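The primary structure of each chain is shown beneath.
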Amino acid sequence: MHSKPPKVAEKLLSLFLKEEFIEEVLGDLDEKFQQTLEKTSRRNARFGYWYQVINYLRPFAFKSFKSTFILETMTTDHFKISYRFLTRNKGFSIINIGGIALGMVVSLLISLWVHDELSFNMHFKKYDRIVQVYRKDISEKGEVSINTSMVGQAGIFMKEHFSSIFNRVTMTFFRERPQLLTVGRQSYDQKGYFFHPDAPDMLSLEMVSGTRNGIDAPDGILLSESLAHTFFGDQNPIGKLVNLNVQKDLLVTGVFKDLPKNGAFANASFIASMELIYNEQNPYSWHNQNMRIYAELKEGVSVETASEMIKNMMDSHGSTPENESRELFLVPMKDWHLHAAFEAGFPVLSKRMQFVIMYSIIGAIVLLLACINFMNLNTARFQDRGKEVGVRKILGSQRKQLISQFLTESMLYAFASFILCLLIVWFILPWFNTLSGKDLTIPWTHPVFWLIGLSFTCLTAFLAGSYPALFLSSFRPIKALNGQLKQGVRSVRMRQVLVVFQFTISILLVISTITVYQQIQHAKARPVGYDQEGLITVRGRTVEFIEKYETLREALKGTGMVEEMATANYPLMTTLGNNDGFKLEETNERYDFSFNTIFVSPEYGKALEWELLAGRDFSRNHGDESQNIIISELAVEKMGLKDPIGKRLSASWSFRGRKKELTIIGVVKDMIKGSPYEPARPLMVFASRQAESFLFIRIKEGKPYIDALPAIEETFESVLSDHPFHYEFVDDSYALKFQEEEKTGSLAALFSGVAILISCLGLFGLSAFVVSQRTKEIGIRKVLGASTLNLWKLLSWDFSLLVFISFALAVPIASVLLSNWLESYEYRVEIGWWVYAVSGLGSIVIAWSTISFHSLKASFTNPTDSLRAE
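Each chain has its residues counted from 1, running along the sequence as written. Local features in this predicted model are restricted to residues whose pLDDT is 70 or higher, and side-chain atom pairs enter the listing and the counts only when it is 80 or higher, whereas totals over whole chains, interfaces and linings include all residues. The basis for every side-chain value is the complete set of heavy atoms in the structure, and neither hydrogens nor water enter the calculation.

(A) View of the pattern of salt bridges. The rule for a salt bridge is simple: a side-chain nitrogen of Lys or Arg has to be within 4 Å of a carboxyl oxygen of Asp or Glu. Under the counting rule described, the total for this entry stands at 28 salt bridges. Close ionic contact of R553 with E564 constitutes a salt bridge, the shortest N to O distance being 3.1 Å. Within this pair, whereas R553 is found in helix α19 (residues 549-557), its partner E564 is found in strand β18 (residues 562-568), the two being separated by 11 residues in sequence. Residues R553 and E564 agree in their burial class; the two are buried. Across the pair K557 and E564 runs a salt bridge whose closest N-O atoms are separated by 3.5 Å. Burial classes: relative accessible area under 20% of the type maximum marks a residue as buried, over 50% as exposed, and values in between as partly exposed (1.4 Å probe, protein chains only). Using a relative accessible area of 31% as the deciding quantity, one classes K557 as partly exposed. The way it works is that DSSP assigns letters per residue, a run of H or I at least four long becomes a helix, a run of E at least two long becomes a strand, and they are numbered from the N terminus.

Now the structure itself:
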């Protein structure tokens, strides 16, 4: 049996080899192929054939360069013809260029966003050697949790005993809080970091003035360039004084360039020494987990090697609770942003990385939708181009020349779209930055951007134009010139499949957008356990604030604007302060979970207006309540208590001079202090013996804020003369918890809108062509008595059916994808049937609106105009 040589190799040789050589060379190679096949194996024969083909790919055997396909597509004639066609069919061209440009706009915006995410932290010079210490806690039951809070002594030990693998080790506080910086009469709450002295060198801060060693002295401070300008304008800030928290004057020893937003420590408006505010007796113990530890690896030391060396450091120093184990490991800086998510101790795909993947797919799909429009519109106009193809073929044009002509047209459309895309992106980028929370710019001067952009445009042109070029160039000249071209079933089906694909994606994006919005609103409507409206919070920063709290309380209540006020040791919007080691005295049962613990003044419940479910609230009338506690309903449930009031607990630890025995006096409704998408934490509230550092003020109901706030500020500053009144509304702080999801929802809505618009542009152009092809049919039907409604139904039905099919495909896909996405939230919404109904109904209405313009226009046309030629 005669076996054939590899077809791909034959075609490759035919493409490049001179015409006079082809027959002879292919014959010789075929003969040699058969001989090798008989003597050895088919594999050796194919290998030998390929070897000979590659040997023939030499300059002497190449076709003339002037006749190559590449040069033909770039000839002046092709561009002239393409340009004339583009300008002659203005409506058609506007739809094509607009559709592709919109797809490119979405792709470019997403590309800039994705690049920003993937380049996170890359501006740090030691990006590949900076690591953070993570902690793996393994309970007696085998439960694993990953934490970044570390004991201070671990950082000291690493610095002293592991100098062979670490160049530098630095620490900062686990709890980041804004600090009040004051120069003269200017006071601002600023986010910054209190570091050990190694940090500025580790982070390779780019200094504008001064030195990185500026925090070697405890009273030195480094300011960001923008903050230095805010405080001192054009003056030299070096040597100037900045007051910290109305307590201590610091000397400005350096100014560093603002750190980029797409990196860790981006919010660092200042860097100061940790020793400034560390006033605990034993700051670097093996038991107080209040630090984050960062280190710089020496050259040649791998993350895995260093992790193994420090792995058991906690256990070996008695820093692990009984019946538990703790392991340390390092996470490199390149993984902090996108690859530092864990479940049950194992790495998982982070939400941020999910967004990167999701947006990348959306960008590719939206551009594909635009290319599909181009394919649909160009192949649908086959009769208009048929005569052109017939004439060119009769005059001697080969098929490859026609293909190159149509690809040149596609290239012109793509480059016009690219220019329009750049203009649109340049115009809307500030708005997009606000929407996405980014600081993106178009890298106009970067050669790589232009190289990628132009390559991307050429790829788009080839993707959009390849199928129309192959389709249109395949016509037979006689049929084309006689007007006998008919739509083949395959070409019609192809266009229908492409329209279905477009609307399936559009409906899928619409369902996703509605679901994201629903999830956000579901979490916003969740009961938080207290009344946020009219509640403001102020952070107390001075000793005077603690000492004069009672005076301040009486003065503020005396204004008639304040209902109640109280203090706590933690902000209301965080779950800071977690402790375990409690047991029920009467049964001696030990609880193996931790409580979120806070210390409050007796009026805390009245100021927050929390909901008391059982027992009583703290009260000054009951004297010292330091051994009494109030717990949340979830705490009652987790402890398995039927009647918790009066039950006594004991703690395995003691602090603030308290006894270890505690009595439950009240139960309150669960308070949402952490993420609104996650379950509440079991809460334990202690009555404090003194004022704490966070003040909560309840404005009287009915008092306008415009009157209440000035009165409160005036009274506050009259009692605390050196303490500025910086406040936040609790409901505003709570709203910030939805910021990330709202950005996701806004971007999803934007991309959905563009996808629908692109689909409608294609449908608009396609319906215009279909109506134009059926003008005479419409005229005949009108003469025979067809109504406008009947004609509209006739013209709309085919497209409507495609949208119905799209809806049927989109619903199950959306159901699976969104169910998986919602599973990442503990507190989540159920996707109701109405979401699918609204999406489907909206899509069909949009499609009908798009189609109706041309359908009704044709229906109202006088039939004598359309039939006159007959």
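(B) Structural view of helix α10 (residues 303-310). Of the positions making up α10, those classed as buried are V303, A306, S307 and I310. Seen along its axis, α10 keeps its buried residues to an arc of 100°; they face one direction. Exposed residues on α10 whose side chains face more than 90 degrees from its buried face are E304 and E308. The arc in question is the one spanned by the directions pointing from the helix axis to the C-beta atoms.

(C) Structural context of the layout of surface pockets. For the second largest pocket, the calculated volume is near 650 Å³. A cavity, in this analysis, means grid points on a 1 Å lattice covering only the protein atoms where a 1.4 Å probe fits yet has no way out; a pocket is instead an open set bounded by protein on both sides within 12 Å along at least five of seven lines, and a residue lines either one if it has an atom within 4 Å of a point. M358, I362, S512, L817 and L818 are, among the 23 residues lining the second largest pocket, the residues nearest its centre. Those elements giving two or more residues to the lining of the second largest pocket turn out to be α12 (351-380), α17 (489-524), α24 (739-773) and α26 (788-822). Considering each element in turn, the lining of the second largest pocket owes the most residues, 9 residues, to α12. When residue character is reported, Ala, Val, Leu, Ile, Met, Phe, Trp, Tyr, Cys and Pro are called nonpolar, Asp, Glu, Lys and Arg charged, and the others, Gly included, polar. Residue classes in the lining of the second largest pocket are distributed as 17 nonpolar, 6 polar and no charged. Grid points are joined across faces, edges and corners, and a volume is the space filled by probe spheres set on the points.

(D) Molecular detail of the nonpolar core. Ranked by internal contacts, the top residues of the largest apolar core, which has 51 residues, are Y530, L572, Y604 and L608. Ranked by residues supplied to this core, first place goes to α17 with 8 residues. Of all hydrophobic cores here, the second largest spans 45 residues; its members include A154, M171, A306 and I310. Here, nonpolar core refers to any group of buried Ala, Val, Leu, Ile, Met, Phe, Trp, Tyr and Cys residues whose side-chain atoms link them within 4.5 Å.

(E) Examining helix α22 (residues 705-719) more closely. Its 15 residues place the ends of α22 21 Å apart at the C-alpha level, agreeing with the 21 Å of an ideal helix rising 1.5 Å per residue. Listed in full, the buried residues belonging to α22 are A708, L709, I712, T715, F716 and V719. The arc that holds every buried residue of α22, seen down its axis, measures 140°, which confines them to one face. Residues of α22 that are exposed and angled more than 90 degrees away from the buried face: I706, E714 and S718. Any two residues whose heavy atoms approach within 4.5 Å at even a single point are treated as in contact. Looking at the buried positions of α22, the neighbouring elements they touch are β17 (535-539), α18 (543-547), α19, β18, β28 (694-699) and β29 (727-729). Residue count minus one, scaled by 1.5 Å, sets the expected span of a helix.

None of this, on its own, says anything about what the molecule does.
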